[in-house]
Amino acid sequence: MIDFHNHILPNMDDGSKSLEMSLSMLRSAAEQGITDIVNTVHFQHPKVDGKDISFEACQPVLNALQAESDKAGFGIKLHLGAEVFYLPNLLDITDNPLVTFGGGKYMLIEFLTHHIPSTQRQVLFDLKMKGITPIIAHPERYRPVQEDMELVRRWIRSGCLIQVDAGSLTGALGKSAQHTATEIVKLDLCQVLGSDAHDDHHRNFVISDALQICEKLIGNRAQTLVESNPLKVLNGEPIVIDLDEDSRPKEKFYMKWIRKSRKK
Ligand SMILES: [Fe+2]
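Everything numeric in this text was worked out from a predicted model, so none of it was measured.

Undergrad: So what about the environment of alanine 72? Which residues, and what values?
TA: Take alanine 72: it is sitting in helix α2 (residues 55-72). Under the C-beta neighbour-count criterion, alanine 72 is labelled partly exposed, with 13 such atoms within 10 Å. For the pair alanine 72 and leucine 26, spaced 46 residues apart in sequence, the C-alpha separation works out to 9.6 Å.

Right under this line is the structure:
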């Protein structure tokens, strides 16, 4: 299994606080059968303001952690990457080797949970035109998506991929995220699952629990979210999505309830 989203490098962002914590997280990942971990350090996010989040700074930390992991016999390969905070500058940073995957073919992009800027449509389109497929990080945690799932379909129609957090599916990130994540997976709108692990306690790797939930929702296809699809991203191979517009469901009761209760 591949975990495509986590903050396992020690002392780089708001993720792991120490080498010991990273090793504890790796132990948990190994126990779940994870063989590849794609570190996605926060890049140009306000929470890493003033920190050196660069390829040159992250690579040696990753190499040192890989050596410790090998020493412990975890059997896990670490990959370097980033979770890019959305700013209208995305086209200007594509040469940075930290911010894309698969030889420059994919970029993982996150937004603030309460606001998705209107500029994103054009910027993501321009990225796609440049040959870089945007992967939208944990859309189920964004309030505008919780209120209107059509945003997810719009991203997919414009060529983006969708990555859901394992902790959203298990309920660790709140009820709204859990219900929205469940809908996204159930409707086959998710291509990649990630733990978004930040520590060895409340936000650890919970990929195996989330995978079981996905298997109940979409059967064997769940495996693609943690195996073939993230592998294609790492290899820079295309992922074809068959968006079934006819299966668009009526708005679920829970979504209506969220929308109404927020208007009060
Ligand atoms: Fe993250």
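Undergrad: So what's going on with α2? Which residues, and what values?
TA: The end-to-end C-alpha separation of α2 is 25 Å, in line with the 26 Å expected for 18 residues at 1.5 Å each. Among all positions of α2, only Cys58, Leu65 and Ser69 are buried. Projected down its long axis, α2 carries its buried residues within an arc of 45°, all on one side. With respect to the buried face of α2, the exposed residues turned more than 90 degrees away are Glu56, Pro60, Asn63, Ala67 and Lys71. Here the buried face of α2 lies against α1 (19-31), β2 (36-43) and β3 (77-85). Positive backbone phi, approximately 75°, marks glycine 73, located one or two places after α2.

Undergrad: With reference to specific residues and values, describe the environment of alanine 181.
TA: Tracing the backbone through its elements, the reader meets alanine 181 in helix α7 (residues 175-186). Residue classification places alanine 181 among the buried positions, given that 31 C-beta atoms sit within 10 Å. For the pair alanine 181 and asparagine 11, spaced 170 residues apart in sequence, the C-alpha to C-alpha distance is 29 Å. For alanine 181, the contacting residues outside a window of four places in its chain are Glu140, Val164, Ser168 and Leu169.

Rules used throughout
- Residues numbered from 1 in each chain as written.
- Predicted model: local features only at pLDDT ≥ 70, side-chain atom pairs only at ≥ 80, totals over all residues.
- Helix = DSSP H or I, 4+ residues; strand = E, 2+ residues; numbered from the N terminus.
- Buried ≥ 20, exposed ≤ 12 C-beta atoms within 10 Å, placed from the backbone.
- Expected span 1.5 Å × (residues − 1).
- Arc of directions from axis to C-beta.
- Contact = placed C-beta atoms within 7 Å.

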